[in-house]
Amino acid sequence: MVVEGLLPLPLLGGLDADELWPVCGLVLPTWALLAFAPRWAHTPTLTLVSPVLHAAIYALGVLSVFVFGGDASSEVDFNSLEGVVTLFKDPNVVFVGWIHYICYDALVGRWVVMDSIERGASAMVHVFAIVPCLFFCLMWGPVGFLIYIGVVRPFVLTGQGKGKTA
């Protein structure tokens, strides 16, 4: 399938969304580290690499779309569903939006793991409670966050760690 309406993103080397799509996969090592090596000394730092990279791609993509190009740069209406749907008819905006999801989902997953470690989650809790939260963060971002905040943190991690409440 060929995606119609792709324009080059000038601040991303003139590449279009289809050519840039493979960079989405660069988030996978972050998820692997969070799931399989949460307590490794380098995990906190390495799991920021992809979100920072994707945040930069996002910022340059947004600027490319709204400053240099196409239908998306004309009057954007964020105050109505119709306006947002119209905005997302541009494939470059869909790409930039997907990068936004990738970045934030990874950051939420990272926070879940770092918070659970700080609260003293055991390896068993990590496998049976945190990894499922990570799956939901990866697939349906807010659902994983909600499960962690609403179920795991108050009911599974009680009495563990430094007694933090926030």
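Computed from a predicted model, the values in this text were never measured in an experiment. (Residues numbered from 1 in each chain as written. Predicted model: local features only at pLDDT ≥ 70, side-chain atom pairs only at ≥ 80, totals over all residues. Heavy atoms only, no water.)

**Side note on the overall build of the chain**
No. 1: Of regular secondary structure, the chain possesses six helices and zero strands.
No. 2: Order of helices (α) and strands (β) in the chain, N terminus to C terminus: α-α-α-α-α-α.
No. 3: Dimensions of the chain, computed from the C-alpha atoms along their principal axes, are close to 55 × 35 × 30 Å.
No. 4: Among the 166 residues that make up the chain, the fraction classed as buried is 37%.
No. 5: When the accessible surface of the chain is totalled, it reaches about 9700 Å², and 70% of it is carbon and sulfur.
No. 6: Side-chain charges in the chain split into 7 positive and 12 negative, and the spacing between the mean points of these groups amounts to 26 Å. (Helix = DSSP H or I, 4+ residues; strand = E, 2+ residues; numbered from the N terminus. Buried < 20%, exposed > 50% of the residue type's maximum accessible area, 1.4 Å probe, protein only. Areas by Shrake-Rupley, 256 points an atom, 1.4 Å probe, with all protein chains shown as cover. Lys, Arg positive; Asp, Glu negative; His and termini not counted. Charge placed at Lys NZ, Arg CZ, Asp CG, Glu CD.)

**Notes on the pattern of salt bridges**
No. 1: Summed over the entire model, instances satisfying the criterion amount to two salt bridges.
No. 2: Salt bridges sharing common partners tie together D115, R119 and R153. (Salt bridge = Lys/Arg side-chain N within 4 Å of Asp/Glu carboxyl O.)

**Quick notes on the side chain of R110**
No. 1: By secondary structure assignment, the location of R110 is in helix 5 (residues 91-118).
No. 2: One buried charged side chain, R110, makes no salt bridge at all; its nearest oppositely charged neighbour is E118, positioned 9.5 Å away.
No. 3: Apart from the residues lying within four places of it in its own chain, the contact partners of R110 are L34, P44, T47 and L48. (Contact = heavy atoms within 4.5 Å.)

**So, the packing of helix 3 (residues 43-68) against helix 5**
Relative orientation and spacing of two packed helices are given, respectively, by the angle between their axes and the distance between those axes.
No. 1: At a minimum axis separation of 9 Å, helix 3 and helix 5 run at an interaxial angle of 155°. Overall, the two elements helix 3 and helix 5 adopt an arrangement that is roughly antiparallel. Crossing angle aside, the handedness with which helix 3 passes helix 5 is left-handed. Contact residues: T43, P44, T47, L48, P51, H54, A55, I57, Y58, G61, V62 and V65 in helix 3; N92, V93, F95, V96, I99, H100, I102, C103, A106, L107, R110 and M114 in helix 5.
No. 2: Its residues assigned to classes, the contact of helix 3 with helix 5 shows 17 nonpolar, six polar and one charged. (Axes fitted to C-alpha atoms, helices over the stretch in contact; angles between N-to-C directions. Parallel < 35°, antiparallel > 145°, perpendicular 65-115°, else oblique. Left-handed = near helix turned anticlockwise from the far one by under 90°. Nonpolar A, V, L, I, M, F, W, Y, C, P; charged D, E, K, R; others polar.)

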